Amino acid sequence: MFKYKTRGTCSQMILIDADADTIKHVEFIGGCHGNTQGISILVEGMKIDDVIAKCKGIQCRAGTSCPDQLATALEQLKAQRKEA
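Here is what the cut-offs are and how they apply
- Residues numbered from 1 in each chain as written.
- Predicted model: local features only at pLDDT ≥ 70, side-chain atom pairs only at ≥ 80, totals over all residues.
- Heavy atoms only, no water.
- Helix = DSSP H or I, 4+ residues; strand = E, 2+ residues; numbered from the N terminus.
- Rg over C-alpha atoms; globule rule 2.2 N^0.38 Å.
- Buried < 20%, exposed > 50% of the residue type's maximum accessible area, 1.4 Å probe, protein only.
- Contact = heavy atoms within 4.5 Å.
- Areas by Shrake-Rupley, 256 points an atom, 1.4 Å probe, with all protein chains shown as cover.
- Lys, Arg positive; Asp, Glu negative; His and termini not counted.
- Charge placed at Lys NZ, Arg CZ, Asp CG, Glu CD.
- Pairing = 2+ DSSP bridges.
- Axes fitted to C-alpha atoms, helices over the stretch in contact; angles between N-to-C directions.
- Parallel < 35°, antiparallel > 145°, perpendicular 65-115°, else oblique.
- Left-handed = near helix turned anticlockwise from the far one by under 90°.
- Nonpolar A, V, L, I, M, F, W, Y, C, P; charged D, E, K, R; others polar.
- Salt bridge = Lys/Arg side-chain N within 4 Å of Asp/Glu carboxyl O.

### Here's the deal with the overall build of the protein chain
Within the protein chain, the regular secondary structure consists of three helices and three strands. For the protein chain, the sequential pattern of α-helices and β-strands runs β-β-β-α-α-α. On C-alpha atoms alone, the protein chain measures out to a radius of gyration of 12 Å, which is about the 12 Å that the 2.2 N^0.38 rule sets for 84 residues. For the protein chain, the spread of C-alpha atoms along the three principal axes comes to 30 × 20 × 20 Å. Here the protein chain holds 84 residues, and 39% of them are scored as buried. Long-range contacts, defined here as pairs at least 24 residues apart, represent 43% of the contacts in the protein chain between residues at least 6 apart. Only carbon and sulfur atoms are counted for the fraction: they give 54% of the accessible area of the protein chain, which is about 4,900 Å². In the protein chain, which carries 11 positive and 10 negative side-chain charges, the distance between the mean positions of the two groups comes to 5 Å.

The structure is reproduced here in structure tokens:
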């Protein structure tokens, strides 16, 4: 389980379970429960790169959003896997 501490959003953390290139499960800690629950369900089963492409750059407040933070978390997950 990959854990990402968010920045600039109401949610405080994102937990991500993914195999090599597909998202299995996403859970946001904090934030607008309905929205983050909806994002989580929508991205399950999607390719990591597709979610990054769709969510990166979405703005809510402070120059970011929960979807944008998810994209950033997925980029970090990919980078961490390359280093391993």
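There is more to say, and it comes next.
### A short note on the sheet that holds strand β2 (residues 11-18)
Read from one edge to the other, the open sheet built from three strands follows the order β1-β2-β3, with strand pairing classed as antiparallel. The open sheet terminates on both sides in strands that have one partner only, identified here as β1 (2-5) and β3 (23-30). This sheet shows a mean twist of 20 degrees between the axes of neighbouring strands, independent of strand direction. Alignment of β1 against β2, held across four bridges, turns out to be antiparallel. Paired with Tyr4 across the two strands is Ile14, which belongs to β2.

### Section: the packing of helix α1 (residues 33-43) against helix α3 (residues 66-83)
Axis separation between α1 and α3 bottoms out at 10 Å; the angle between their running directions is 45 degrees. Our classification of the angle between α1 and α3 gives oblique. When you trace α1 past α3, the crossing you get is right-handed. Here Thr36, Ile39 and Val43 of α1 come into contact with α3, specifically with Cys66, Pro67 and Leu70. Residue classes in the contact of α1 with α3 are distributed as five nonpolar, one polar and no charged.

### Details of the pattern of salt bridges
In a structure, side chains of opposite charge can pair up when their charged atoms sit close to one another. Considering all chains together, one arrives at three salt bridges under this definition. The salt bridge partner of Asp21 is Lys47, with a shortest N-O separation of 3.4 Å. Of the two residues, Asp21 sits in the loop between β2 and β3 while Lys47 sits in the loop between α1 and α2 (48-55), which places them 26 residues apart along the sequence. Look at Lys47 and you get partly exposed, because its relative accessible area is 38%.

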